[in-house]
Structures are given as structure tokens and as C-alpha cells.
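Observations on chain architecture
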Amino acid sequence: MALVWWLDLALRWTFEPALLWRNALPVFLVMLLIYGLSGRALMALLLGGGIARLVFEVNAIKELNLDEPLLPGDLVLWHQVLHNMGFFAHYTGHRLVLLLLALLAAMAVLWAIWRLEGRWRRPHWVARASWMVLSLLLLGTLYRGIGPWREAYADEALPDFQLWDPIDSVQHVGFMAGLVRMSQEADTTIPKADESLVRDFAARHVADLKARMTRQPPADLPDIVVVQSEAFFDPGVLKDIDYGVFVPNFERLAATGITGSLTTPTYGGGTIRTEFETLTGYPMQAFPSVVYPYYGLVGGWMPAVPRRLAALGYSTTLYHPFSGSFWNRRQTMPELGFQHAYYRQAFAGAERAGEYISDRALFDYVLAHLDDGGSGPHYAMAITMENHGPWDFDVGMLANVLGRRPLPKGLSAAGTEEMVYYLSHLVNGDDALGDFAKRLLARPRWTVLMFYGDHLPALPSAFADLHFDDDGLEVQEHTRYMLVSNRPLAPRKLDLSSYDLPALLFDTIGLPEDGYLAFDSVARQAWAQDRYQNGAKYGQVLFNAAQLEVSCRRKLDVAGECGNTSPRDQPQPDAAGKE
């Protein structure tokens, strides 16, 4: 108990025996399991304590960078960590070689203890087997909430636990108790949709839904380029910073098309949550138990944007200058309809800006290969990496890129370090965006460019120093998006969620929108006609429509029911991609 009390800051503020034993129990059971396996008490204490310390350290790093504790769903990423140790090492503040040396030192200490305790009398194998079976049984039932454990970690025992706010919950009930409770609540099944709510909405808007579902596409289809910009936002939302100072090219371009703030389902990281929404239109909020949608939620049946466009004759290509295995993209992107993919190896020798391939090099590559798919229309999605965190490193070669743009006043040393690194890459990326858009939109073909930020960067010191204009928390703030074209487009401001972007894209071009996509467009239109009142009501319609379509694995029909056709009937792309 003393170990957990020392490791968990939430428990140090007050001494509550009930909370303490609920947090200490999982650690004790792990130690008991190690004792059963090894028959060495000191080994069990030190190794179990070391594992607990490691888990708490990893949790602290995730809380700092993502404002979110470790969750049960994070277990699916264990192989990502092992295969990308260098990438994740940046977040620890230590180099990979130092972490490996620390690991070797720990293994040497454990080996010495193993040899020392081997000379002492150890329990009989029957007793050890009994401890193993007991600990495994208790751990399994504890984390699944079987028997008395669900009541032991219920709301009455943990009154400050709120499933929808995990970071606040673990700060009140303790990390281990919160993790047990979240594991008990974890359920990857799709929530049951309120079918009557969806049908009633469809009945009231049947004409609009039918018009969108039966709409004929333009005879001349445009090329579509979508840029998902890593950690992009306009610092103008911070106090004493004017809009456009650090992203003048974005602001200039946005003024010529459709733009606004963008609500995204993640902060500081977790890019694939926003990415999933912009590719499928499904809100992550409709699937509260799903942390990482590319692990278990995505399926080849989904009518995602690239699959819809491929059915209209588009060539669909993904450009991402990082590992194709990261976030499981190599497997997921073909399921979503990408026919071609270019990953890190395709960018060998490309210009870097800091740790990653620069936005300029990525944009140059997209322009060089955009017409590779033939004379038909092209859909390209570029996922940038240049401004990926962590953001507390030396800016290096970009030291002078800020030029005469002054940093805001009131920054601490840590806040200055974060802002200099982030803003330098933001300005560098904005310069690249201006050049890219100029060349892209100068092409004779009708071309549409959609650009958006996937989430705010995690700049805890800078945000604490400066504060936001609305005095909100960083996790509540929004990124930006724009949709522009080289054909006339009436400029307007429209604040959206990232799951609205597919419907906006199809609606602006005049492409057919069937299934859930039509419901999103009609709900957005109805909300506007309602003068943006009752937003929660329209949100519930969309969440339930998404749940219904995903659960029946078929596009919704005009009546708001599971249709008779599935995207599986369409040709399946083969996009293993170039690593």
C-alpha cells in the first residue's frame, strides 16, 4: 500500500483507506503472481514494484502529452511501442540508448537477486501453483468486474469517478482504481441505437434525404486533395495573439472559401480518432468504448470517403511520410478504400524539418505523383508529420524562421521552449502550404483542397502561461479547417465537427450522399434552419444513425433503416502501400 500511495499523487492529498486498498490491490495481485512463478519473495517485491513504477511513469507521460490517463484500449498498442521505441522515447525526455542501458541495469539487478534468493528455501511447487492460480483468477475477475468486484468499484465506492471524464476521475479516485473501473466498463460492442429516433428524423426530412441520395454527380469531376495537418491550430485563440500572425497563408486562403473552427475528438495526440471521423463521417462520440478506431471498429464494408469516390471513378491515394504500420494504417487504409499508399520509404532522402519529413517535401511529392493514376479524377489524402510532438526540443535549423514575429509576453522558460519549437514548425508549414496551394490550384483541372488540423498540440506550460481568449481548457479548444477551390466558391464561415467534413465536401462538389452521409448533411442543414438551437438534439440523431449503420454494416436507406446494399459489393482496393 505504501508503494501505491507514494506513486499516486491523487492518494497523497488525503488518506482514505477505502481508496488506498482499491488502488493497491491490483499491484499486490501482480506481485503475488510473480511470487507464484518464481518462488522468490524479494524478486516479487522488486519486480512487481518496478512494473508498477513503470506503468505510473508511462501514465504520467500520457497525461502530460494527451491530457488522458492510460486506458484499457491502450493495450492494443503494445506492438506499436515495441516496433517504434525510438519514436516513443522522445516523449520520455531521454534518448533510446539511455532507456536501453537502464533496462540492462535493471535486468542485471534482477538476475543478481534471482541468484541470491535461489539459495534460500523456496515454497513447494504445489503452493506456488496455488498462488499463481489464485492471483490469475482474482486479476481476471477484478478487471472484468465479475462477482463482488463490480460492487467494490461501483459508483457508491468511487463517487468521484466519471466514465466520460477519465483524467478527472483518476485524479480523484487514483490511477489504479480508475483503471480497474474503466476495464470493467470496457465494451467494444456497438451501442444499441434508438432506431425510432432515426426513423422519425428520416420521415420528417424524406424529401431532402432522397434528393441527396439520388443526386447525380457533376459530369466534370474535380480532383480532390485533403491535407490532415499535424497539430495545426491558429494561435490567435490565445490571449494577446492576433489571428493570422503565424499562419498568414492559411488565413489568406481560408478567406476565399469555406472555413471555421473544427471540433475534434482528441487533444495532443490520438490522430486516428480525427482521421477516422474525416474519412467515414462517423462521430467517435457514438462509440464511447472505442479508443482507437483502427483496431476493431473499421471494416471493409464501411462507405468511407475514398471508397465512395472510387465507386465514382476516382483514383484514391494516401501519402504519409511515416511508418505504414503505425496506427495500423497499412491494414486499415485499403479497407477504407485507398487503392494506393506511399509511406516512409517512398520519401527516402526527402528534406526533413527537425525529426520528421517536412511538409514542403510531402507537398512536393503529392504534386509530382498526383496525376500518376491516369486521366481520370484523383483523390489524394496527405497526412503531415513535420509538427508532430513532443514540442519541447531544440528548434535547430528553423531557429530563424520566426523572423520578426515576436513571442507573446508572459511565457516561462518552459513555455518559451514549447512555443518556439511549435511556432517555428507552424510558420514553416504555413509557408509550404501557401506554395502548395498556389501550384495545386493553378492546374487547369477543377481542383478542391480541404485542409484541417487534427488536434491541438500539447503545450502545457505555454497554455498555462498564456490562457485562451475564452478562458477555456486546452482540451475544449478547436482547430481550424478550410475548403477552397480554383473554381468560384462563395466564401462563408461555418463551424463544424471533424465528422461533418465528408458531408461538407460531397455537398459542396455536388456528389451523391447516401446512407449516413445524407443524414449528416440534412441534420446540419436542419440545425442551420433552426438557427443553431437544440444542437444536442441533432447530435443525438447523428450518433444514433451512425450506431445503426455500423451495427447493421449497411448504408441506411431513405427511411432511416438498414438498406439492402453494402459497399462490400463494390470492388475491393489493394493498397498495401510502399513503406
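Remember, predicted model here, so these are calculated numbers, not experimental data. Starting from 1, residues in each chain are numbered consecutively following that chain's sequence as written. With the structure being a predicted model, the display of local features is reserved for residues of pLDDT at least 70 and the display and counting of side-chain atom pairs for 80 or more, all residues being used for whole-chain, interface and lining totals. Side-chain measures here rest on the full set of heavy atoms in the structure, leaving out hydrogens and waters.

A run of H or I in DSSP becomes a helix once it reaches four residues, and a run of E becomes a strand once it reaches two; helices and strands are each numbered from the N terminus. Summing up its helical and strand segments, the protein has 23 helices and 11 strands in all. By its C-alpha atoms, the protein is 85 × 60 × 45 Å across when sized along the principal axes. For the protein, the residues scored as buried account for 53% of the 579 residues in total. Pairs at least 24 apart in sequence give 76% of the contacts found in the protein among residues at least 6 apart. Per element, the accessible surface of the protein, about 26,000 Å² overall, is 58% carbon and sulfur. Counted as positive: Lys and Arg. Counted as negative: Asp and Glu, with His and the chain ends omitted from the count. By convention, the point assigned to a charge is CZ for Arg, NZ for Lys, CD for Glu and CG for Asp. Across the protein, the centroid of the 49 positively charged side chains sits 6 Å from that of the 64 negatively charged ones. Accessible area is worked out with a 1.4 Å probe on protein chains only. A residue is then buried under 20% of its type maximum, exposed over 50%, and partly exposed in between. Between two residues, a contact is recorded if the distance between any of their heavy atoms is within 4.5 Å. Note on areas: Shrake-Rupley with a 1.4 Å probe; residue coverage comes only from the protein chains shown.

Each Phe, Tyr or Trp ring, with Trp reduced to its six-membered ring, pairs with another whose centre is within 6.5 Å; inter-plane angles below 30 degrees give stacked pairs, above 60 give edge-to-face pairs, and intermediate values give tilted ones. Enumeration according to the criterion identifies 21 aromatic pairs in this entry. Where tyrosine 319 meets tyrosine 365, the ring centres are 6.1 Å apart and the plane angle is 70°; that geometry is what we call edge-to-face. Placement of the pair is tyrosine 319 in strand β3 (residues 315-319) and tyrosine 365 in helix α18 (residues 359-369), with a sequence separation of 46 residues. Taken together, the ring pairs connect Tyr292, Phe322, Phe326, Trp327 and Tyr356 into an aromatic cluster. By definition, being over a ring means that NZ of Lys or CZ of Arg is both within 6 Å of the ring centre and within 35 degrees of the ring normal. Taking the ring centre of phenylalanine 322 as reference, the NZ or CZ of arginine 344 above it sits at 5.3 Å.

Further remarks concern the side chain of lysine 555. Following the sequence through the fold, lysine 555 ends up in the segment after α23 (535-552). With a relative accessible area of 13%, lysine 555 lands in the buried category. Of the polar contacts made by the side chain of lysine 555, one reaches the side chain of aspartate 514; its length is 2.7 Å. In protein, a polar contact means a hydrogen-donor-capable atom and an acceptor-capable atom, both N or O and within 3.5 Å, with residues adjacent in sequence counting only if both atoms are side-chain atoms; elsewhere, any N or O pair within 3.5 Å suffices.

This brings us to the state of the cysteines. Working definition: a disulfide is two cysteine sulfur atoms within 2.5 Å of each other. According to the stated counting rule, one finds one disulfide in the structure shown. Note on cysteine connectivity: cysteine 552 is disulfide-linked to cysteine 562, with sulfurs 2.4 Å apart. Across the S-S bond linking cysteine 552 and cysteine 562, the dihedral sits near -115°, which makes this disulfide left-handed. Residue cysteine 552 is located in helix α23, and its partner cysteine 562 is located in the segment after α23; the two are separated by 10 residues in the primary sequence.

In terms of burial, helix α15 (residues 271-280) is largely enclosed, as 10 of its 10 residues are buried. Among the residues making up α15, those that are buried are Thr271, Ile272, Arg273, Thr274, Glu275, Phe276, Glu277, Thr278, Leu279 and Thr280. Residues of α15 that are buried in the fold lie against β1 (223-229), α16 (305-311), α17 (329-336), β7 (378-383), β8 (447-453) and α21 (501-509). Once α15 ends, the next one or two residues include glycine 281, with phi positive near 85°.

What follows covers the confidence of the model for the protein. Scored from 0 to 100, pLDDT records how confident the predictor is in each individual residue. Scored by pLDDT, the protein comes out at a mean of 88, with 91% of its residues at no less than 70. Contacts from residues 568-573, a stretch scored under 50 in pLDDT, to residues over four places away or in other chains number 15 contacts.

Moving on, we come to the pattern of salt bridges. Each reported salt bridge corresponds to a side-chain nitrogen of Lys or Arg within 4 Å of a carboxyl oxygen of Asp or Glu. By the definition in use, this model includes 22 salt bridges. Residue arginine 212 pairs with glutamate 513 through a salt bridge whose shortest N-O separation is 3.2 Å. In this pair, arginine 212 sits in helix α13 (residues 206-213) while glutamate 513 sits in the loop between α21 and α22 (516-529), placing the two residues 301 residues apart along the sequence. Classification of arginine 212 by relative accessible area gives buried; the value is 8%. Of the residues examined, glutamate 513 reaches a relative accessible area of 0% and is grouped as buried. A salt bridge links aspartate 507 to arginine 215; the nearest nitrogen and oxygen atoms lie 3.3 Å apart. In this pair, aspartate 507 sits in helix α21 while arginine 215 sits in the loop between α13 and β1, placing the two residues 292 residues apart along the sequence. On the basis of relative accessibility, which here comes to 25%, the residue aspartate 507 falls in the partly exposed class. Residues participating in the shared-partner salt-bridge network are Arg212, Arg215, Asp507 and Glu513.

Residues Trp5, Trp6 and Phe15 make up a contiguous nonpolar surface patch of roughly 370 Å² in combined accessible area. Checked against the element boundaries, phenylalanine 15 lands in the loop between α2 (9-12) and α3 (17-38). Residues forming no salt bridge and having over 30% relative accessible area are the ones grouped into patches, like charges within 9 Å of each other and nonpolar side chains (Val, Leu, Ile, Met, Phe, Trp, Tyr) within 5 Å.

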